[in-house]
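If you want the building blocks of each chain, they are given just below.
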Amino acid sequence: MSVALARVRAFLAAWPHAALVEVGEARGSTPREAGAWMLVSPGATFGTIGGGQLEFMAIDRARDMIAAGAPRADRLDVPLGPQIGQCCGGRVTVELALVDDGLRRTLPRRVAGEEASRPSVLVFGGGHVGHALADALSLLPLAVTLVETRADQIGDLPEGVAARLTPVPEEVVRDAPAGAAFLVLTHDHALDFLIVAEALKRGDAAYVGMIGSKTKRATFASWYLKEADGDEAALSRLVCPIGGSEVKDKRPAVIAAMAAAEVMRALSAP
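1. Observations regarding the nonpolar core
Leu122, Phe124, Phe182, Val196, Leu200, Phe220 and Leu238 are the most contacted members of the largest nonpolar core, which has 25 residues in total. Among the secondary structure elements, those contributing two or more residues to this core are β6 (120-124), α5 (169-175), β9 (181-184), α6 (189-202), β10 (207-210), α7 (214-226) and α8 (232-235). Here the element with the most residues in this core is α6; it accounts for 7 residues. In this structure, phenylalanine 182 is in contact with Leu122, Phe124, Val173, Ala176, Ala199, Arg202, Ala205, Tyr207, Val208 and Gly209, ignoring residues within four places of it in sequence. Core analysis: the second largest hydrophobic core is formed by 22 residues, Val123, Val129, Leu142 and Val161 among them.

2. Notes on unusual backbone geometry
Look at the link from cysteine 240 to proline 241: it is a cis peptide, with omega at 5°. Here proline 241 lies in the loop between β11 (238-239) and α9 (252-268). Unlike most non-glycine residues, aspartate 156 shows phi in positive territory, near 60°. Looking at the element boundaries, aspartate 156 is found in the loop between β7 (143-148) and β8 (162-165).

3. Notes on the sheet that holds strand β3 (residues 45-47)
Within the open sheet, the 5 strands sit side by side as β3-β2-β1-β5-β4. Their pairing is antiparallel. Of all strands in the sheet, those bounded by a partner on one side alone are β3 and β4 (73-79). Strand-to-strand twist across the sheet, computed as the mean angle between neighbouring axes with direction ignored, equals 20°. Across 7 bridges, the pairing between β4 and strand β5 (residues 91-98) is antiparallel. Opposite aspartate 74, over in β5, you have leucine 96 as the bridge partner. Of the strands in this sheet, β1 (19-27), β2 (37-40), β3, β4 and β5 touch helix α2 (residues 52-68), which is tilted by about 25° from β5.

Rules and cut-offs
- Residues numbered from 1 in each chain as written.
- Predicted model: local features only at pLDDT ≥ 70, side-chain atom pairs only at ≥ 80, totals over all residues.
- Heavy atoms only, no water.
- Core = buried A, V, L, I, M, F, W, Y, C linked by side-chain atoms within 4.5 Å.
- Buried < 20%, exposed > 50% of the residue type's maximum accessible area, 1.4 Å probe, protein only.
- Helix = DSSP H or I, 4+ residues; strand = E, 2+ residues; numbered from the N terminus.
- Contact = heavy atoms within 4.5 Å.
- Pairing = 2+ DSSP bridges.
- Axes fitted to C-alpha atoms, helices over the stretch in contact; angles between N-to-C directions.

Here is the structure:
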């Protein structure tokens, strides 16, 4: 069972009375998009519709509904202007419904469906930067897997990050779903090159990144074009070094933060 699914089930089990709060329509500049949702109980919340005054209003209305026991549904139509102290400028419709037996059955399925549709991100290499990337990416709405050839580098992963131990990591690249992101930072430059070449060969990756430097990229390019039957168009999709070169801080957590931002940008591209 996924972490999110376990948490929503635990919330519903802990609170017999709760309300579902969902963004029905979002026009203009708004904190969250249509479909964003949260659960509200008398003493706790699960999820968010964006925070700020809009969310406070929705929580208050949801708790009023719970306390009254009726109506079973309600709606807020909120202009995000100075009158509520939230100057986004857009307009949001928020749908509220008391959680009944039907919602208690369907909400876990909804969470499972949302998790199943998360983009796949594969991190090859469980060294210092690999583990820092696992930490950073685990906070994002992604399906993250750390791939290693060495069993002693797999441990201590954050919740929600899967581990894959394999002597042939290139096969993991071939098995990845379309639109996946690949971050390559193993202990061996030759292995990095093989994994990156396999990822570029797919042609459907949202992101292919390799840790390194301008020199490592040049060395890879020479090998890729001459020995691996690669082409310039595929090579142009490679991000190396991951995290860019503008920030000079090379601590693993900093590289991971910058690379995670690159991945999210790539996965969000139309």
